[in-house]
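What the coordinates show
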Amino acid sequence: MKKTKENRSPEEILQGRIEGIQRNREWRRSLLQLLILAAAIYLVFTYILGFALVRGKSMYPSLKENEILLFYRLDKQYYPGDILIIHMAENTEYVKRVAAVEGDVVDIEDETGTLLVNGEPLEEDYIYAQPTHKISENISFPLEIGEGEIFVLGDNREISRDSREFGCVSFSQVTGRVLLHTGLAF
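Read on for an overview of the structure. (Residues numbered from 1 in each chain as written. Predicted model: local features only at pLDDT ≥ 70, side-chain atom pairs only at ≥ 80, totals over all residues. Heavy atoms only, no water.)

The next subject is the environment of D82. Tracing the chain through its elements places D82 in the loop between β2 (67–72) and β3 (83–89). With 70 residues separating them along the chain, D82 and E12 place their C-alpha atoms 68 Å apart. Other than its neighbours up to four places away in sequence, D82 contacts Q77, K96, R97, V98 and R177. (Helix = DSSP H or I, 4+ residues; strand = E, 2+ residues; numbered from the N terminus. Contact = heavy atoms within 4.5 Å.)

This paragraph deals with the pattern of salt bridges. Applying the stated criterion to the full structure yields five salt bridges. Where E124 meets R157, a salt bridge forms, and the shortest distance between an N and an O atom there is 2.5 Å. In this pair, E124 sits in the loop between β7 (120–121) and β8 (143–144) while R157 sits in the loop between β9 (149–153) and α2 (163–166), placing the two residues 33 residues apart along the sequence. Comparing E124 with R157 shows no difference in burial state: the two are buried. (Salt bridge = Lys/Arg side-chain N within 4 Å of Asp/Glu carboxyl O. Buried < 20%, exposed > 50% of the residue type's maximum accessible area, 1.4 Å probe, protein only.)

In terms of nonpolar packing, the biggest core is built from 13 residues, with A100, V106, L115, F141, L143, I145 and F151 touching the most fellow members. Within the residue set of this core, elements represented by two or more residues are β4 (92–101), β5 (105–108), β6 (115–117) and β9. When near neighbours in sequence (up to four residues on either side) are disregarded, L115 contacts A99, V106, D107, I108, E120, P121, L122, E124, F151 and L153. Counting residues in each nonpolar core, the second largest holds ten residues, with A52, L63, L69 and V95 among its members. (Core = buried A, V, L, I, M, F, W, Y, C linked by side-chain atoms within 4.5 Å.)

Applying the stated rule across the entire model yields four aromatic pairs. Ring centres of Y94 and F166 lie 5.8 Å apart, and the angle between their planes is 20°; this geometry places the pair in the stacked category. Within this pair, whereas Y94 is found in strand β4, its partner F166 is found in helix α2, the two being separated by 72 residues in sequence. On the basis of relative accessibility, which here comes to 17%, the residue Y94 falls in the buried class. Lying across the ring of Y94, K96 places its NZ or CZ 5.3 Å from the centre. Sitting over the ring of Y126, R97 keeps its end group 3.8 Å from the ring centre. (Phe/Tyr/Trp six-rings, centres within 6.5 Å; stacked < 30°, edge-to-face > 60°. Lys NZ or Arg CZ within 6 Å of the ring centre and 35° of its normal.)

Empty space among the atoms can be located by rolling a probe the size of a water molecule over them. Of the pockets and cavities examined, the largest pocket occupies roughly 230 Å³. At four residues, β4 tops the list of elements feeding residues into the lining of the largest pocket. Looking at the lining of the largest pocket residue by residue, the classes come out as eight nonpolar, three polar and five charged. (1 Å grid on protein atoms, 1.4 Å probe; cavity = no way out; pocket = protein on both sides within 12 Å on 5 of 7 lines; lining within 4 Å. Points joined across faces, edges and corners; volume = space filled by probe spheres on them. Nonpolar A, V, L, I, M, F, W, Y, C, P; charged D, E, K, R; others polar.)

Attention now moves to unusual backbone geometry. Residue P61 is reached from Y60 by a cis peptide bond, and omega for that bond is 5°. Following the sequence through the fold, P61 ends up in the loop between β1 (49–53) and β2. Between F141 and P142 the backbone carries a cis peptide bond, its omega angle lying at 0°. Relative to the assigned elements, P142 resides in the loop between β7 and β8. The phi dihedral of N66 falls on the positive side, at around 70°, and the residue is not glycine. Within the secondary structure layout, N66 lies in the loop between β1 and β2.

Moving on: the pairing of β5. With burial as the criterion, only one face of β5 is covered, namely that bearing V106 and I108; the residues V105 and D107 on the opposite face remain uncovered. Here β5 pairs with β8 via two bridges, running antiparallel. Considered in β8, the bridge of V105 is made with E144. As paired elements, β5 and β6 share three bridges and run antiparallel to each other. Bridge pairing in β6 places I108 opposite L115. A loop of six residues connects β5 with β6, the two strands running antiparallel in sequence, and G113 in this loop sits at a positive phi of about 80°. (Pairing = 2+ DSSP bridges.)

If you want it as structure tokens, here you go:
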């Protein structure tokens, strides 16, 4: 037989109230933990890490169109071979590979379009096609990379818009360095 409120002893009533208070505390504690976790995730993905989506085929075959990238925002030093997310204009970001860094001298051979860094051909086993002689009239080679700048290229040189066209990229334009590409494309 189930006891009604009227038939319960004072100890049972007190025990019920204590259990109710404990349930409320557990619920509030869980909610607080969830809010702290959400805030931490927000902060990490706003200031430390980020996701990007590859648009276009300028980094093929290393990166495929619509592939998801995870990048790190806090790097301030970049090295040849690093893949970067570069902010070029409002709502325009490029994914490119660092070919040369500050202090390097970049040149392009007229006959073959081969990229020379400090007078030596750059070893590029990741490029899709032999580079074309695609150079902007505003850029003259050989080009010395200035302080706080990098020279970036796409792996698919036939179609890539890169430093051959828009010149060196300032560190302030770098959104982040790619840590991981998923291989998943949507």
